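Descriptive analysis of the structure
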Amino acid sequence: FPVTINSWEDLTVEVFIEVLKLEKTKDLYRFEEFYVAKMVEILLGINEEELNTFEMDLFTTLVNEIGFLQNSPTYENKKDIYIEDVKYVAPANFNKLTLGEYASIKTLTKDKPYEDQMLTILSIIIRPEGEKFEASKINERRERFKKLRLVDVNECVNFFEPIQLLLYLEVHYSLQTAS
């Protein structure tokens with residue numbers, strides 16, 4: 001079975017958001033194995049019906065393939081990311097956001113869970129170098145940023161670290177229990 005995500009470098013922002021959503025529902029799973037199965041579905045792009053046909057040895061192999069989550073990711077600390085050969089940058093100082101950036105973040109993230117806020121915040125604060133903030137570009141950037149690798153985004157804006165640590169601890173525990 002082809003594995004599409006077998007390291008932190010393969011994880012996209014979109015998949016990471018799905019993992020965060022799963023984390024919020026972890027307590028709803030009656031057995032830890034069901035939670036781990038859902039994690040395998042998300043990370044490897046396997047639907048539930050197909051996964052249910054796998055023999056346990058294949059399922060165990062797939063769980064081992066996502067074992068990279070047991071290791072904390074490593075990042076460089078840089079303030080830029082290249083998307084389609086265009087240099088995108090994050091603010092050097094988040095205390096220097098403009099009123100328009102701040103108002104957009106407050107308005108568009110109000111009463112939304114953290115995992116839904118991530119793309120909005122990224123689409124507001126990361127933009128092509130030298131470009132001024134334009135609220136009209138937020139939705140288009142949200143879609144573009146979904147496909148970015150999480151490690152690239154996190155190297156540019158390191159505010160995901162607490163969530164990644166939580167994810168690492170939760171998945172580490174789940175994989176240990178399922179083995």
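One structure accompanies this document, and this report is about it. (Residues numbered from 1 in each chain as written. Predicted model: local features only at pLDDT ≥ 70, side-chain atom pairs only at ≥ 80, totals over all residues. Heavy atoms only, no water.)

**Looking at the side chain of E101**
Positionally, E101 belongs in helix α5 (residues 99-109). There is a polar contact of 2.6 Å between the side chain of E101 and the backbone nitrogen of T98. With near-sequence residues (within four places) excluded, E101 lies in contact with I124, R127 and F133. (Helix = DSSP H or I, 4+ residues; strand = E, 2+ residues; numbered from the N terminus. Polar contact = N/O pair within 3.5 Å; in protein donor to acceptor, adjacent residues only side chain to side chain. Contact = heavy atoms within 4.5 Å.)

**Describing the sheet that holds strand β1 (residues 80-83)**
An order of β1-β2-β3 is seen for the 3 strands of this open sheet, with the pairing classed as antiparallel. The sheet is open, and its two borders are formed by β1 and β3 (127-128), each paired with just one other strand. As defined by bridge partners, strand β2 (residues 86-89) adjoins β3 across 2 bridges and the pair is classed as antiparallel. Directly across from Y88, in β3, lies its bridge partner P128. Of the strands in this sheet, β1, β2 and β3 touch helix α7 (residues 138-146), which is tilted by about 105 degrees from β2. (Pairing = 2+ DSSP bridges. Axes fitted to C-alpha atoms, helices over the stretch in contact; angles between N-to-C directions.)

**Digging into helix α4 (residues 56-65)**
Turning to α4, its buried residues are F59, L62 and V63. Angular distribution of buried residues about the axis of α4 spans 100 degrees; they occupy a single face of the element. The exposed residues of α4 that point more than 90 degrees off its buried face are D57 and N64. (Buried < 20%, exposed > 50% of the residue type's maximum accessible area, 1.4 Å probe, protein only. Arc of directions from axis to C-beta.)

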